Amino acid sequence: MVEQTFIMIKPDGVQRGLIAEIISRFEKKGFTLRAMRLMTVDKSFAETHYQDLSSKPFFAGLVSYIMSGPVVAMVWEGKNVIATGRLLIGATNPAQSAPGTIRGDLAIDIGRNVIHGSDSAESAKAEINLWFPEGDKMSDSMRDVRSIPYIAR
Ligand code: RTP
């Protein structure tokens, strides 16, 4: 099923120069980048994004971490991209992420795990709407690219 997911390179990933490495893994897998924006979020935006975790003891630290520098917000599209994207990313705690995954190869600490990916169709929809409220307008420029038959879709 062709679907879309929200992927964010967190401030540590941007600061460590991992943007190209992370994008490359999604591109090489065969997924399509539909929207991308470098942005710095404020406290209320970060709290909204992570509202489901507001009761967790690490919530305040997580919000400050996400606000601490620019992030790369992206929409990726493809067959089963939500679940497969989570497999590419690896387990939440990099200590348990398999080698070959993004966190398994590029991160050490759970509090600095370089990337976020939506965990369900419902959260993907909500997160895409939150981060790209202008909707599908940003993806207009991708239509021509998708018509070029370099990759079978
Ligand atoms: P994400 O939302 O960032 O993709 O991560 P996830 O689904 O794999 O994990 P989730 O449980 O939603 O946690 C969100 C982020 O909170 C931080 N965290 N810190 N200190 C801790 O014990 C702890 N637990 C989670 C991580 O940055 C995690 O990605």
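Residues numbered from 1 in each chain as written. Predicted model: local features only at pLDDT ≥ 70, side-chain atom pairs only at ≥ 80, totals over all residues. Heavy atoms only, no water.

Examining helix 2 (residues 19–29)
Here is step 1 of the chain: Every buried residue belonging to helix 2 is among Ile 22, Ile 23, Ser 24 and Phe 26, and all of these are buried.
Here is step 2 of the chain: Within two residues after helix 2, Gly 30 carries a phi angle of roughly 115°, on the positive side. (Buried < 20%, exposed > 50% of the residue type's maximum accessible area, 1.4 Å probe, protein only. Helix = DSSP H or I, 4+ residues; strand = E, 2+ residues; numbered from the N terminus.)

Here's the deal with the pattern of salt bridges
Here is step 1 of the chain: Under the counting rule described, the total for this entry stands at 5 salt bridges.
Here is step 2 of the chain: A salt bridge links Arg 37 to Glu 134; its shortest N-O distance comes to 2.5 Å. Taken together, the residues span a long stretch of sequence, with Arg 37 in strand 2 (residues 32–39) and Glu 134 in the loop between helix 7 (121–131) and helix 8 (142–146) at a distance of 97 residues.
Here is step 3 of the chain: By relative accessible area, Arg 37 is classed as partly exposed at 26%.
Here is step 4 of the chain: Each of the salt bridges in this network shares a partner with another, and the network as a whole consists of Glu 21, Arg 25 and Asp 105. (Salt bridge = Lys/Arg side-chain N within 4 Å of Asp/Glu carboxyl O.)

Brief notes about the packing of helix 2 against helix 5 (residues 81–89)
Here is step 1 of the chain: Their axes nearest at 11 Å, the elements helix 2 and helix 5 cross at an angle of 130°. One way to sum up the angle between helix 2 and helix 5 is to call them oblique. Seen from above, helix 2 lies across helix 5 with right-handed handedness. On helix 5, the residues touching Arg 25, Phe 26 and Lys 29 of helix 2 are Thr 84, Gly 85, Leu 88 and Ile 89.
Here is step 2 of the chain: Partitioned by chemical class, the residues of the contact of helix 2 with helix 5 number 3 nonpolar, 2 polar and 2 charged. (Axes fitted to C-alpha atoms, helices over the stretch in contact; angles between N-to-C directions. Parallel < 35°, antiparallel > 145°, perpendicular 65-115°, else oblique. Left-handed = near helix turned anticlockwise from the far one by under 90°. Contact = heavy atoms within 4.5 Å. Nonpolar A, V, L, I, M, F, W, Y, C, P; charged D, E, K, R; others polar.)

A closer look at unusual backbone geometry
Here is step 1 of the chain: Residue Asn 80 is not a glycine yet carries a positive backbone phi of 55°.
Here is step 2 of the chain: In this structure, Asn 80 sits in the loop between strand 3 (71–79) and helix 5.
Here is step 3 of the chain: For Asn 80, a relative accessible area of 37% translates into the label partly exposed.
Here is step 4 of the chain: Of note in the backbone geometry, Val 114 takes a positive phi value of approximately 60° without being a glycine.

A word on the site of the ligand
Here is step 1 of the chain: Around the ligand, the surrounding shell consists of Lys 10, Tyr 50, Leu 53, Phe 58, Leu 62, Arg 86, Thr 92, Arg 103, Ile 110, Asn 113, His 116 and Gly 117.
Here is step 2 of the chain: At a separation of 3.4 Å, an oxygen atom of the ligand approaches a polar side-chain atom of Arg 103.
Here is step 3 of the chain: The separation between an oxygen atom of the ligand and a polar main-chain atom of Ile 110 is 3.2 Å.
Here is step 4 of the chain: About the coverage of the ligand: the protein hides 77% of its 560 Å² of free accessible area. (Near = heavy atom within 4 Å. Polar contact = N/O pair within 3.5 Å; in protein donor to acceptor, adjacent residues only side chain to side chain. Areas by Shrake-Rupley, 256 points an atom, 1.4 Å probe, with all protein chains shown as cover.)

These values are about where atoms sit, not about what they do.
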